[in-house]
Amino acid sequence: MKDTQKPTVELKQVEYDININKKIYAKNMIKSVVDKSATEVFFVDESTNQLSKYKQYAIAGSYIERIVVRDAYGNQSASLRVKINVHDNAIAPVFYGVEDITITFFIRFLLSL
């Protein structure tokens, strides 16, 4: 049985921040894919139809990219637009789930005379 349906895709988010020269993979931007066959995720250059699995930028700035998902039968999802903000290694790390804790010590002294 041949799959003739286009993959249905949902993005995790539509905007990403990365540092210069850091690779960003198209597959890591996808929240979910619904399809009956195996799929692959690509960035696509809509003017040349060239596909790539990741992008890497040498110059800081904002870039608009398109992502598509293709299944094993050649069906392709609609292109999804993402914005990638490339920074000059100035992104501070963000920590999630970290909370301050207080540790209380009780010390008991026994004096014997």
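For the structure, check the block above.
In this text the structure is predicted, and so the values were computed from the model without any measurement.

With that settled, the discussion passes to unusual backbone geometry. For Asn-21, which is not a glycine, the phi torsion comes out positive at approximately 70 degrees. Secondary-structure assignment places Asn-21 in the loop between strand 2 (15–19) and strand 3 (24–25). Note on Asn-21: relative accessible area 47%, which makes it partly exposed. Phi angles above zero are rare outside glycine, and Asn-49 is one such case at about 60 degrees. Along the chain, Asn-49 falls in the loop between strand 5 (39–45) and strand 6 (50–52). When its relative accessible area of 56% is taken as the criterion, Asn-49 is described as exposed.

The next thing to look at is the layout of surface pockets. Any empty space left between atoms is shown by rolling a water-sized probe over those atoms. The space that makes up the largest pocket amounts to roughly 160 Å³. Looking at the largest pocket, the residues that line it are Lys-12, Gln-13, Tyr-16, Asp-17, Ile-18, Lys-22, Lys-23, Ile-24, Tyr-25 and Asn-28. Elements that contribute at least two residues to the lining of the largest pocket include exactly strand 2 and strand 3. Broken down by element, the residue count for the lining of the largest pocket peaks at three residues, all from strand 2. Taken together, the residues that form the lining of the largest pocket break down as four nonpolar, two polar and four charged.

Strand order across the open sheet formed by five strands is 2-9-8-5-6, with mixed pairing between neighbours. Edge positions in the sheet fall to strand 2 and strand 6, since each has one partner strand and no second. For this sheet, the mean inter-axis angle between neighbouring strands, taken without regard to orientation, is 40 degrees. Where strand 5 meets strand 8 (residues 61–71), six bridges bridge the pair, whose relative direction is antiparallel. Following the sheet pairing, Glu-40 is matched in strand 8 by Arg-70.

Both the distance between ring centres and the angle between the ring planes are used here to describe each pair of aromatic rings. This model, assessed by the stated rule, comprises two aromatic pairs. A centroid spacing of 5.3 Å and a plane angle of 50 degrees characterise the contact between Tyr-25 and Tyr-54, whose relative ring orientation is tilted. On the criterion of sequence distance, the pair formed by Tyr-25 in strand 3 and Tyr-54 in strand 7 (residues 54–55) is long-range, its members being 29 residues apart. Using a relative accessible area of 31% as the deciding quantity, one classes Tyr-25 as partly exposed. Where Tyr-57 meets Tyr-63, the ring centres are 4.2 Å apart and the plane angle is 25 degrees; that geometry is what we call stacked. For Tyr-57, a relative accessible area of 8% puts it in the buried group. Directly above the aromatic system of Tyr-54 lies the positively charged group of Lys-23, at a separation of 4.6 Å from the ring centroid.

About the cut-offs
- Every chain is numbered on its own, with residues counted from 1 as its sequence reads.
- Reporting of local features is limited, given that this is a predicted model, to residues whose pLDDT is at least 70; pairs of side-chain atoms are given and counted only at 80 or more, and all residues count toward the totals for whole chains, interfaces and linings.
- The basis for the side-chain values is all heavy atoms of the structure; hydrogens and waters are excluded.
- A run of H or I in DSSP counts as a helix once it spans at least four residues, and a run of E counts as a strand once it spans at least two, with each numbered from the N terminus.
- Burial classification: accessible surface area is computed with a 1.4 Å probe over protein chains only, and a residue below 20% of its type maximum counts as buried, one above 50% as exposed, and the rest as partly exposed.
- Only protein atoms enter the 1 Å grid used here. Points where a 1.4 Å probe fits but cannot escape make up a cavity, open sets with protein on both sides within 12 Å along at least five of seven lines make up a pocket, and a residue lines them when an atom lies within 4 Å of a point.
- Grid points are joined across faces, edges and corners, and a volume is the space filled by probe spheres set on the points.
- Throughout this entry, Asp, Glu, Lys and Arg are counted as charged residues, while Ala, Val, Leu, Ile, Met, Phe, Trp, Tyr, Cys and Pro are counted as nonpolar. The remaining residues, Gly among them, count as polar.
- A pair of strands counts as paired when DSSP detects no fewer than two bridges linking them.
- Interaxial angles span 0 to 180 degrees and are taken between N-to-C directions of axes, which are lines fitted to C-alpha atoms, for helices over the stretch in contact.
- Two rings from Phe, Tyr or Trp (for Trp, the six-membered ring) form a pair when their centres are within 6.5 Å of each other. A pair whose planes differ by under 30 degrees is stacked, one over 60 is edge-to-face, and the rest are tilted.
- Charges are assigned to positions over rings by a cutoff of 6 Å between ring centre and Lys NZ or Arg CZ, combined with an angular limit of 35 degrees from the ring normal.

By themselves, these observations are geometric and do not establish any function.
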